[in-house]
Amino acid sequence: MLIRDVMQPRLVTVTPQATLAEAMRLVGERGIRHLPVVAGDELVGIVSDRDLKRAMASPATSLVRNELAYLLARVTVDEIMTRAVITISPSFAVEDAARLMVTEKISALPVTESGRLIGIVTETDILELFVRALGASEPSSRVDVMLADERSGLGGIVDAVEKAGAAISSIVTLRDPSGRREAILRVATIDPGRVVGALTAAGHSVRDGYRRPS
């Protein structure tokens, strides 16, 4: 899946001259956490709800109401925004966005094409896709199967599950903290007992039994 498939194309933006009060109002009214800052068609920065709170934190504690209102009307987005914005192309894979967010410790990526801002992808978009990809948004159960060695394939696991009469909603392979490979299955049943029994009978090691949905 590509960035264009998960990004938010309906953007709420501000100009560098927008005041702190205007930015805070937009964040509150629209229920968003990031505001791309544009000058004409050019992306020149980004401001987050954390930036807004940080900008208010020190002075707000010592100001009376009228002084605080004056501050909010005078401070502009240009003074608090992040200028070195990391962006991503709509043709990149979703995992590229996830890797960038983890590596750069950021929670949103403006999406640009030919220098033009066309959307934004956030950590919430990535997490929602992750939940869907793992089948956790549907009635299902999770079964963790340890893989015997580096060459172990998934064919035997899939065959055992199908013979148990269950459908696989999703399957991924990961390494546990000790470095061992395991297959994490989501099977489309709320009672995976037959699946676990079939896997065990076929010689597969099911980790910690199985986990029913909470």
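Residues numbered from 1 in each chain as written. Predicted model: local features only at pLDDT ≥ 70, side-chain atom pairs only at ≥ 80, totals over all residues. Heavy atoms only, no water.

Engineer: What is the right way to read the sheet that holds strand E6 (residues 168-175) from this model?
Structural biologist: Hydrogen bonds between backbone atoms are what pair the strands of a sheet, whose relative direction is either parallel or antiparallel. Taken together, the four strands give an open sheet; going across it, the order is E6-E7-E5-E8, and neighbouring strands pair in antiparallel fashion. Looking at which strands have only one partner, the edges of the open sheet turn out to be E6 and strand E8 (205-206). Along the sheet, helix H7 (residues 155-163) contacts strand E5 (141-146), E6 and strand E7 (181-187); its crossing angle with E7, the most-contacted strand, is approximately 25°. (Pairing = 2+ DSSP bridges. Helix = DSSP H or I, 4+ residues; strand = E, 2+ residues; numbered from the N terminus. Contact = heavy atoms within 4.5 Å. Axes fitted to C-alpha atoms, helices over the stretch in contact; angles between N-to-C directions.)

Engineer: What should I look at first to understand the pattern of salt bridges in this one?
Structural biologist: If charged atoms from side chains of opposite charge come close, those side chains can pair. Enumeration according to the criterion identifies eight salt bridges in this entry. Across the salt bridge formed by Arg 54 and Asp 51, the nearest N and O atoms sit 3.2 Å from each other. Of this pair, Arg 54 and Asp 51 are both found in helix H3 (residues 49-60), three residues apart, which corresponds to roughly one turn of the helix. Here Arg 54 falls in the exposed class, since its relative accessible area comes to 51%. Judged by relative accessible area, which is 12%, Asp 51 ranks as buried. Measuring nitrogen to oxygen at the nearest pair gives 3.8 Å for the salt bridge that ties Arg 99 to Asp 96. One end of the pair is Arg 99 and the other is Asp 96, both in helix H5 (residues 94-104) and three residues apart, which spans about a single turn. (Salt bridge = Lys/Arg side-chain N within 4 Å of Asp/Glu carboxyl O. Buried < 20%, exposed > 50% of the residue type's maximum accessible area, 1.4 Å probe, protein only.)

Engineer: Explanation requested: the side chain of Asp 125 in the structure shown.
Structural biologist: Structurally, Asp 125 can be placed in helix H6 (residues 123-133). Buried and without a salt bridge, Asp 125 has Arg 132 as its closest oppositely charged side chain, separated by 8.2 Å. A polar side-chain atom of Asp 125 sits 2.9 Å from a polar atom in the side chain of Gln 8. Residues contacting Asp 125, with those up to four places away along its chain left out, are Val 6, Gln 8 and Ile 120. (Lys, Arg positive; Asp, Glu negative; His and termini not counted. Polar contact = N/O pair within 3.5 Å; in protein donor to acceptor, adjacent residues only side chain to side chain.)

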